[in-house]
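Now for the letters of each chain:
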Amino acid sequence: MSTDMRFDIVIIGSGAGGGTLAAKLAPSGKKILILERGDFLPREKENWDTRAVFQDKRYLAKDTWYDRDDQPFAPYTHYWVGGNTKVYGAALLRMRPFDFDEVRHFGGLSPAWPIGYDDLEPYYMQAERLYSVHGERGLDPYDPPASAGYPHPPVAPEPRIGELLHDLKGLGVRPFPVPLGVRLPENARGTSPYRLGNFDGYPDLTEVKADAHVVGIRAALRYPNVQILTGAFVERLETDSSGTRVREIIARVKGEKVAIRGDIVVLAAGAINSAAILLRSASAEHPSGLANSSDQVGRNYMSHHNGCFVVVSSEPNDSQFQKHFAITDFYRGAPDSPFPLGTIQLMGKPDPGTLAWLRGSQLPGLAPEALASRTIDFFLTAEDLPSPVNRITLREDGELRVSYTPTNLEAYTRLEQKLAQLMIAVERGRGREQPTFLASRLGVSGVSHQNGTLRFGIDPKSSVLDANCRAHDVQNLFVADGSFFPSSSAVNPSLTIMANALRVGDRILEQLGTSNARSTSFAESVA
């Protein structure tokens, strides 16, 4: 680590936003520092050890946060180089053009974005190439327009999932291969033998999973102008005397306080922690928190209505990697649902602890191993709506409080019902007995899809960031994580965070006056 703590650009966080942005900016020649509160996640046999990952929580953050009733909880979040992408499921779907417009839901309105789908489409394309996305255009009933096909073909289904795919199509549903970020050896991108069985929730020992460390940070660190400082907890941002520029980043590194200066500062610590950093940065010039003249910092927190829906069939499912398809037929509603419902997708096989939790007292005569061998496992996502009372605040002791009341739950309930009806029909069509369903929606600790706490917009009175994700109040402060979302849509946020980080990268390079030749070098590298 250099002793010179002055940089052209400082990026706080190395996940989907920060890691992608670092890869984007690295070829510019600008002096860049990445601050990450975690360390490099070790490649070790425990990466794929179910007990170590899920029961011992070996890689989970040790934080305790508090809910709206001031009750403590352990958030499902991870502090490593690469952020939460080290354990994500790598489902990389684009938002749809109508998601950028005002949309009416059962629970109210989701607001329009200050940019449109066309503004983000070129960056979606770059992100799909960077993260080696495997998929097929034109099969998703709400497939958004794209300027080219996916970089790689979809991962093939295993026989039991191929059978289910066929049966669902026979019912008039249009399942499609879920776009996955995987660096498979046949694409000349993998570096070792691999398996996809232990995937969702697991670190990837073989680094086939396209995460923000392997794809973004590692690529950025190949440039001599880029450095990373791990174990760096950012306490606050301090401004100059005008209050309109960040002068110093105050961080604690292995117990020592460090002051770092950057001409441009980028928050990419995740929607919850980025909001917390700004709230901790209150000062005489910014008494309610930095960049908070709108009183919107921390507000409008969203995390989707996500949940597990496990189908217990009488037919065994021996698939090692069942995560093949998604269903969006109900994304904009159904004949009996005038408003949007959401997205259904297959997920990786749940760990024994999760399966036991979902099971409760059901199927008492079935051994755990027998139960696990007969499940087909889905992940449901419905849109939750922004609300100013759903917010991130700091307690008097400085700890994080996540005040969240679910919105638009009707959509999630109806989506569950649609999937249950489909699976009953599938099993009946095969002459099997009616399946048992084990299901639960994630609670406040399920923060993997966190977004919305620093919304962007045109009006500084109602938004924290402008349309380029620069703070209205602070000239050299940008944001590159999911906190900029004014609405959440009903697809995984990762690809949109990555694409927007690439877009923000262009705006940063413009502000720094970087030549066109250098600013386009990244786009050429992923073309």
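Fair warning: this is a prediction, and the values are worked out from it, not measured in the lab.

Draft legend 1. Looking closely at the overall build of the protein. Across its full length, the protein holds 12 helices and 21 strands. A globule of 527 residues ought to have a C-alpha radius of gyration of about 24 Å, and the protein, at 22 Å, matches this closely. Dimensions of the protein, computed from C-alpha atoms along their principal axes, come out at roughly 75 × 50 × 45 Å. Residue burial in the protein is summarised as follows: out of 527 residues, 61% are buried. At a minimum sequence separation of 6, the contacts of the protein that also span at least 24 residues come to 73%. Taking the average location of the 56 positive side-chain charges in the protein and that of its 61 negative ones, the two points are 2 Å from each other.

Draft legend 2. How the structure looks around the sheet that holds strand 3 (residues 65-67). Taken in spatial order, the 4 strands make up an open sheet running 4-3-19-18, and their pairing is mixed. Looking along the sheet, the strands with just one partner apiece sit at the ends: strand 4 (72-73) and strand 18 (391-394). Two elements, strand 3 and strand 4, share 2 bridges in a ladder whose sense is antiparallel. Of the residues in strand 4, the one forming a bridge with W65 is F73. Across the sheet, helix 6 (residues 271-280) touches strand 3, strand 18 and strand 19 (400-403), and the angle it forms with strand 18 is around 45°.

Draft legend 3. A look at the packing of helix 3 (residues 117-130) against helix 10 (residues 494-512). At a closest axis distance of 8 Å, the pairing of helix 3 and helix 10 adopts a crossing angle of 110°. Compared by their axis directions, helix 3 and helix 10 come out roughly perpendicular. The segment helix 3 lies against helix 10, with D119, L120, Y123, Y124, Q126, A127 and E128 engaging L495, T496, M498, A499, N500, L502, R503, D506 and R507.

Draft legend 4. Spatial organisation of the side chain of H305. Structurally, H305 is set in strand 14 (residues 305-312). Under the relative-accessibility criterion, H305 is labelled buried at 1%. A distance of 2.2 Å separates the side chain of H305 from the backbone oxygen of T407, its partner in a polar contact. Setting aside residues no more than four positions away along its own chain, H305 makes contact with L380, T381, A382, E383, D384, Y404, P406, T407, N408, L409, Y412 and R441.

Draft legend 5. Broad picture of the sheet that holds strand 16 (residues 343-346). Ordered by their spatial adjacency, 6 strands build an open sheet running 8-15-16-17-14-20, and the pairing between neighbours is antiparallel. Each edge of the sheet is formed by a strand with only one pairing partner; in this case those strands are strand 8 (176-177) and strand 20 (436-441). Pairing geometry for strand 14 and strand 20, over 6 bridges, is antiparallel. Across the sheet, the residue bridging to F309 is A439, located in strand 20. Where helix 7 (residues 352-359) meets the sheet, its contacts fall on strand 14, strand 17 (375-382) and strand 20, and the angle it forms with strand 20 comes to roughly 100°.

Scoring rules and cut-offs
- Residues numbered from 1 in each chain as written.
- Predicted model: local features only at pLDDT ≥ 70, side-chain atom pairs only at ≥ 80, totals over all residues.
- Heavy atoms only, no water.
- Helix = DSSP H or I, 4+ residues; strand = E, 2+ residues; numbered from the N terminus.
- Rg over C-alpha atoms; globule rule 2.2 N^0.38 Å.
- Buried < 20%, exposed > 50% of the residue type's maximum accessible area, 1.4 Å probe, protein only.
- Contact = heavy atoms within 4.5 Å.
- Lys, Arg positive; Asp, Glu negative; His and termini not counted.
- Charge placed at Lys NZ, Arg CZ, Asp CG, Glu CD.
- Pairing = 2+ DSSP bridges.
- Axes fitted to C-alpha atoms, helices over the stretch in contact; angles between N-to-C directions.
- Parallel < 35°, antiparallel > 145°, perpendicular 65-115°, else oblique.
- Polar contact = N/O pair within 3.5 Å; in protein donor to acceptor, adjacent residues only side chain to side chain.

All quantities given are derived from atomic positions and should not be read as evidence of function.
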